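Chain by chain, the residues run as shown.
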Amino acid sequence: MKRRLWVILGSVLGLLLFSGPVLAHHGVAGYDLTKTITLHGTVTKFEWSNPHVVVYVDAKNEKGETQNWTIEFAAPIHMVRAGWNKNVMKAGDDIVIDTHPSRNGAPVGITSTITFILKVVVNGQALPGRAD
């Protein structure tokens, strides 16, 4: 009986130890949600995959230098519900995108979660916002 208790206790502790990183993955703490910036650039890659849709954008900073941005969106199912699909953009497209930048200054941002989608314009065409 004592051995069984140790096995159960060890299993529970193991689950608690590894559940923190899994839950942290879906947080937005790394982004400055009080700040929104607008990028204008070229799509270099568009990934329609789980767990998040991601667009890679080459955009010039205020010094005129090209930065390679990685912009995260919600999961594909949430984007579909908002009216998006895997063909909304492709490499080479012109993009104007609002994003909440990372807190650490890296060229990384978040433009959508299950609760919001910021402005995204591809080749002059506004993509759908959040469907209520």
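Preceding this paragraph is the structure being described.
Please read all numbers here as calculations on a predicted model, not as lab measurements.

Draft legend 1. Main features of the nonpolar core. By size, the foremost hydrophobic cluster in this structure holds 22 residues, and its most contacted members are Val-55, Phe-73, Trp-84, Met-89, Ile-95, Ile-97 and Val-120. Contributions of two or more residues to this core are made by strand E1 (37–47), strand E2 (54–60), strand E3 (66–72), strand E4 (94–101) and strand E6 (120–122). Apart from residues no more than four positions distant in its own chain, Phe-73 is found in contact with His-52, Val-53, Val-55, Met-79, Trp-84, Ile-97, Thr-111, Ser-112 and Val-120.

Draft legend 2. Region of the structure containing the packing of aromatic side chains. In total, this model carries two aromatic pairs according to the counting rule given. With a centroid separation of 6.2 Å and 50° between ring planes, the pair formed by Phe-46 and Trp-48 is classed as tilted. With relative accessibility at 23%, the residue Trp-48 sits in the partly exposed group. An angle of 55° between the planes, with centres 5.1 Å apart, marks the rings of Phe-73 and Trp-84 as tilted. You can see Phe-73 sitting in the loop between E3 and helix H2 (76–81) and its partner Trp-84 sitting in the loop between H2 and E4, a full 11 residues away along the chain. Exposure class is identical for Phe-73 and Trp-84. Each is buried.

Draft legend 3. Seen up close, the environment of Gly-124. Mapping Gly-124 onto the fold places it in the loop between E6 and strand E7 (125–126). Separated by 29 residues in sequence, Gly-124 and Ile-95 place their C-alpha atoms 7.9 Å apart.

Draft legend 4. A look at the environment of Ser-49. Examined against the element boundaries, Ser-49 turns out to sit in the loop between E1 and E2. Residues Ser-49 and Lys-86, 37 residues apart in the sequence, show an inter-C-alpha distance of 8.9 Å.

Draft legend 5. Examining the pattern of salt bridges more closely. If you walk through the whole model with that rule in mind, you get two salt bridges. We note a salt bridge from Glu-47 to Lys-45, for which the minimum N-O separation is 3.0 Å. Close ionic contact of Asp-93 with Lys-90 constitutes a salt bridge, the shortest N to O distance being 3.0 Å.

Draft legend 6. Inspection of the side chain of Asp-98 at higher detail. Among the secondary structure elements, Asp-98 is positioned in strand E4. Lys-119 provides the closest opposite charge to the buried, unpaired Asp-98, separated from it by 4.3 Å. In this structure the side chain of Asp-98 is engaged in a polar contact, spanning 2.6 Å, whose partner is the side chain of Thr-38.

Draft legend 7. Highlighting the side chain of Glu-72. Mapped onto the elements, Glu-72 comes out in strand E3. Within the structure, Glu-72 has its side chain in polar contact with the side chain of His-52 (distance 3.5 Å). The residues contacting Glu-72, other than those within four sequence positions of it, are Tyr-31, His-52, Val-53, Gly-109, Ile-110, Thr-111 and Ser-112.

Draft legend 8. Representation of the pairing of E1. Alignment of E1 against E4, held across six bridges, turns out to be antiparallel. Paired with Leu-39 across the bridge in E4 is Ile-97. Note: E1 against E2, six bridges, orientation antiparallel. Residue pairing in the sheet places Thr-42 in a bridge with Asp-58 of E2. If you look at the hairpin formed by E1 and E2, you'll find six residues sitting between the two strands.

Rules and cut-offs
- Residues numbered from 1 in each chain as written.
- Predicted model: local features only at pLDDT ≥ 70, side-chain atom pairs only at ≥ 80, totals over all residues.
- Heavy atoms only, no water.
- Core = buried A, V, L, I, M, F, W, Y, C linked by side-chain atoms within 4.5 Å.
- Buried < 20%, exposed > 50% of the residue type's maximum accessible area, 1.4 Å probe, protein only.
- Helix = DSSP H or I, 4+ residues; strand = E, 2+ residues; numbered from the N terminus.
- Contact = heavy atoms within 4.5 Å.
- Phe/Tyr/Trp six-rings, centres within 6.5 Å; stacked < 30°, edge-to-face > 60°.
- Salt bridge = Lys/Arg side-chain N within 4 Å of Asp/Glu carboxyl O.
- Lys, Arg positive; Asp, Glu negative; His and termini not counted.
- Polar contact = N/O pair within 3.5 Å; in protein donor to acceptor, adjacent residues only side chain to side chain.
- Pairing = 2+ DSSP bridges.

All quantities given are derived from atomic positions and should not be read as evidence of function.
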